[in-house]
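Remarks on the overall topology
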Amino acid sequence: MTVKKRSAVQLLYIDGGCSCPGDVAKAFGAGADFVMMGGMLAGHDQCSGEVIEKNGKKYKLFYGMSSDTAMKKYVGGVAEYRASEGRTVEVPYKGDVENTIRDVLGGLRSTCTYVGAAKLKELSRRTTFIRVTQQSSQMFT
C-alpha cells in the first residue's frame, strides 16, 4: 500500500495493494480518508469487460488506467515521453459485487468493535500498530 497526503485539501488516501477487508481496515486505522480498491473490485459483474473462459474457469480482464491497455483504448497509446505504469491481468470472475462490499463493511465493523471505535472516524484515534517481525503459525504444518 502507498500512503499519499495531499496538502491542498489535507486528504490522506491509500493507493493500491488492498487485497482483503483487513487491508481496508488498516488503511482507515492509519488515518486514510479514502481507500482505492480497484483490484478488490475487479472481476465483478459491475466491471466493464467480457467474461472469458479458460480451462473451465471464468475470468475478466483487469487493467489500471495508466496501463498500456488503457492508454491504447482511451488516448491512442502511450506518449513517447511516458511509460505505462499499470499492467493488464486476467482476474477470476467474482459475480455480483454485493458480496465483496458486504465483506469489506463487515471487516470494518469488526475492526471498530475490536478497537472500541463507535464510528469509522474514530478508528484512526483508537488504532495502535505493532510491528511483527517474526511470526510462525503451526496450525497447518
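Since this is a predicted model, take the numbers as computed values, not measurements.

Quick notes on the rules
- Residues numbered from 1 in each chain as written.
- Predicted model: local features only at pLDDT ≥ 70, side-chain atom pairs only at ≥ 80, totals over all residues.
- Heavy atoms only, no water.
- Helix = DSSP H or I, 4+ residues; strand = E, 2+ residues; numbered from the N terminus.
- Buried < 20%, exposed > 50% of the residue type's maximum accessible area, 1.4 Å probe, protein only.
- Areas by Shrake-Rupley, 256 points an atom, 1.4 Å probe, with all protein chains shown as cover.
- Expected span 1.5 Å × (residues − 1).
- Arc of directions from axis to C-beta.
- Contact = heavy atoms within 4.5 Å.
- Axes fitted to C-alpha atoms, helices over the stretch in contact; angles between N-to-C directions.
- Parallel < 35°, antiparallel > 145°, perpendicular 65-115°, else oblique.
- Left-handed = near helix turned anticlockwise from the far one by under 90°.
- Pairing = 2+ DSSP bridges.
- Polar contact = N/O pair within 3.5 Å; in protein donor to acceptor, adjacent residues only side chain to side chain.
- Patch = residues over 30% accessible without salt bridge, like charges linked within 9 Å, V, L, I, M, F, W, Y side chains within 5 Å.
- Salt bridge = Lys/Arg side-chain N within 4 Å of Asp/Glu carboxyl O.

From N to C terminus, the chain includes five helices and six strands. From first element to last, N terminus to C terminus, the chain shows the α and β order β-β-α-β-α-β-β-α-β-α-α. A buried classification covers 26% of the 141 residues belonging to the chain. Summing over all exposed atoms, the chain offers an accessible surface of approximately 10300 Å²; the carbon and sulfur share of this is 52%.

What follows covers helix α4 (residues 98-115). Between the first and last C-alpha of α4 there are 26 Å, a value that for 18 residues agrees with the 26 Å anticipated at 1.5 Å per step. Residues of α4 that are buried include every one of Thr100, Val104, Gly107, Leu108, Thr111 and Cys112, and no others. Projected onto a plane normal to the axis of α4, the buried residues spread over an arc of 135° and lie on a single side. Opposite its buried face, α4 presents the exposed residues Arg109 and Thr113, each directed more than 90 degrees away. Of the surrounding secondary structure, the elements contacted by the buried residues of α4 are α1 (21-29), α2 (38-41) and α5 (123-126). With its phi angle positive at about 80°, glycine 116 sits one or two positions after the end of α4.

Where α1 contacts α4, the axes come no closer than 8 Å and their chain directions differ by 50°. Classified by the angle their axes make, α1 and α4 are oblique. Classified by chirality, the crossing of α4 by α1 is right-handed. Along its contact with α1, which presents Pro21, Val24, Ala25 and Phe28, the element α4 presents Asp103, Val104, Gly107, Leu108 and Thr111.

Before going further, it helps to spend a moment on the sheet that holds strand β5 (residues 57-63). The strand order across the open sheet formed by three strands is β4-β5-β6, and the pairing between neighbours is antiparallel. The open sheet is flanked by β4 (51-54) and β6 (88-92), the only strands paired with a single partner. In this sheet, adjacent strand axes meet at a mean angle of 45° when their direction is disregarded. Sheet topology note: the β5/β6 ladder contains five bridges and is antiparallel. Of the residues in β6, the one forming a bridge with lysine 60 is valine 91.

Relative to the helices and strands, serine 67 resides in the loop between β5 and α3 (68-75). For serine 67, the side chain forms a polar contact with the main-chain nitrogen of alanine 70, separated by 3.3 Å. Once you skip the residues sitting within four places of it in the chain, serine 67 turns out to touch Ser84, Gly86, Arg87 and Thr88.

This part is about a nonpolar patch on the surface. On the surface, a nonpolar cluster with roughly 360 Å² of combined accessible area is contributed by Met65, Tyr74 and Val75. Tracing the chain through its elements places valine 75 in helix α3.

Moving on, we come to the pairing of β4. Looking along a regular strand, one sees side chains alternate from face to face of the sheet. When β4 meets β5, the two strands line up antiparallel, connected through four bridges. By the bridge assignment, valine 51 is partnered in β5 with lysine 60. As consecutive antiparallel partners, β4 and β5 are separated by two residues, and within that stretch asparagine 55 has a phi angle of approximately 50°, a positive value.

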